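# Analysis of the macromolecular model
The chain contents come next:
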Amino acid sequence: MTDPSVADTRRLNSKPQDLTDAYGPPSNYLEIDVSDPQTVGVGRNRYTNYEVRMRTNLPIFKLKESCVRRRYSDFEWLKIELERDSKIVVPSLPGKALKRQLPFRGDGGLFDESFVEERRSGLEQFINRIAGHPLAQNERCLHMFLQEESIDRHYIPGKV
């Protein structure tokens, strides 16, 4: 007879893995890449945008593949929306780099290649951490960010 107050530590019976299980497509996946930074505009209207490419088989997403261009301020918008409307702890974005905006710098400032790459990597980590959270996957703002060409900043927040 076993005591119900003691946790059962026996292993679960699982079937042995075969080659199709090991090398086949994963049962559920969500891949998001932030790549191809492009700097557009001139002077004070100059900014860098990034390609955000998503591939998934999760049923909650209406599109299984999407590719949109987003700038840093779009990532800021997503962060603010999630902090306001969801119950998840939202990770921080890579910094604003205010010192890089000062005039008369010897490098490219915000548009320096190494800074753009560092920011791209930080944005990719940010979006993957958020999109991997099951509660965030229900938020309309995340779906709009990942799958719609333009962001409707006057949308009605809510669940998908």
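Predicted model, so just to flag it, every value in this text is computed and none were measured.

## Describing the overall build of the protein chain
Helix and strand counts for the protein chain stand at four helices and three strands. If you list the helices and strands of the protein chain from N to C, you get α-β-β-β-α-α-α. Looking at the 160 residues of the protein chain, the share that counts as buried comes to 32%. A separation of at least 24 residues holds for 52% of the contacts in the protein chain among residues at least 6 apart in sequence. Carbon and sulfur atoms form 52% of the exposed surface of the protein chain, whose accessible area is close to 11,100 Å².

## What to know about the packing of aromatic side chains
Scanning the model with the defined rule gives three aromatic pairs in all. Ring geometry for Phe75 versus Phe145: centroids 4.9 Å apart, planes at 70 degrees, classification edge-to-face. Here the residue Phe75 occupies a position in helix α2 (residues 72–85), and Phe145 occupies one in helix α4 (residues 140–147), the gap between them amounting to 70 residues. Note on Phe75: relative accessible area 0%, which makes it buried. A residue is classified by how much of its surface remains accessible, and Phe145, at 0% relative accessible area, is buried. Clustering of aromatic rings is evident, with ring pairs tying together Phe75, Phe126 and Phe145. Above the face of the Phe145 ring, Arg70 is positioned so that its terminal group lies 5.4 Å from the ring centre. Residue placement shows Arg71 over the ring face of Tyr47; its charged tip is 3.6 Å from the ring centre.

## Quick look at the pairing of strand β2 (residues 47–56)
On a regular strand, one side chain projects to one face of the sheet and the next to the other, so that they alternate. For β2, the tally of buried residues reaches seven of ten residues, placing the bulk of the element in the interior. Of the strand pairs in this sheet, strand β1 (residues 30–40) and β2 are connected by nine bridges, and their pairing is antiparallel. The partner of Asp33 across the bridge, within β2, is Arg53. Between β1 and β2, which follow one another and run antiparallel, lie six residues, and Gly41 among them has a positive phi close to 90 degrees.

## Quick notes on the environment of Trp77
The topology assignment puts Trp77 in helix α2. Sequence-wise, Trp77 and Arg153 are 76 residues apart; in three dimensions their C-alpha atoms are separated by 8.5 Å. Setting aside anything within four residues of it in sequence, one finds Trp77 in contact with Cys141, Met144, Ile151, Arg153 and Tyr155.

## Overview of the packing of α2 against α4
Between α2 and α4, whose axes approach to 9 Å, the crossing angle comes to 165 degrees. One element, α2, and the other, α4, form an angle in the roughly antiparallel class. Crossing hand, α2 versus α4: left-handed. Where α2 approaches α4, its residues Asp74, Phe75, Trp77, Leu78, Glu81 and Leu82 are matched on the opposing element by Cys141, Leu142, Met144 and Phe145.

## As for the side chain of Asp74
Within the element layout of this structure, Asp74 appears in helix α2. Judged by its relative accessible area of 10%, Asp74 is buried. For Asp74, the residues in contact, after removing those within four places along its chain, are Arg69, Phe145, Ile151 and Arg153.

Procedures and definitions
Residues numbered from 1 in each chain as written. Predicted model: local features only at pLDDT ≥ 70, side-chain atom pairs only at ≥ 80, totals over all residues. Heavy atoms only, no water. Helix = DSSP H or I, 4+ residues; strand = E, 2+ residues; numbered from the N terminus. Buried < 20%, exposed > 50% of the residue type's maximum accessible area, 1.4 Å probe, protein only. Contact = heavy atoms within 4.5 Å. Areas by Shrake-Rupley, 256 points an atom, 1.4 Å probe, with all protein chains shown as cover. Phe/Tyr/Trp six-rings, centres within 6.5 Å; stacked < 30°, edge-to-face > 60°. Lys NZ or Arg CZ within 6 Å of the ring centre and 35° of its normal. Pairing = 2+ DSSP bridges. Axes fitted to C-alpha atoms, helices over the stretch in contact; angles between N-to-C directions. Parallel < 35°, antiparallel > 145°, perpendicular 65-115°, else oblique. Left-handed = near helix turned anticlockwise from the far one by under 90°.

Function cannot be read off these values alone, since they describe shape.
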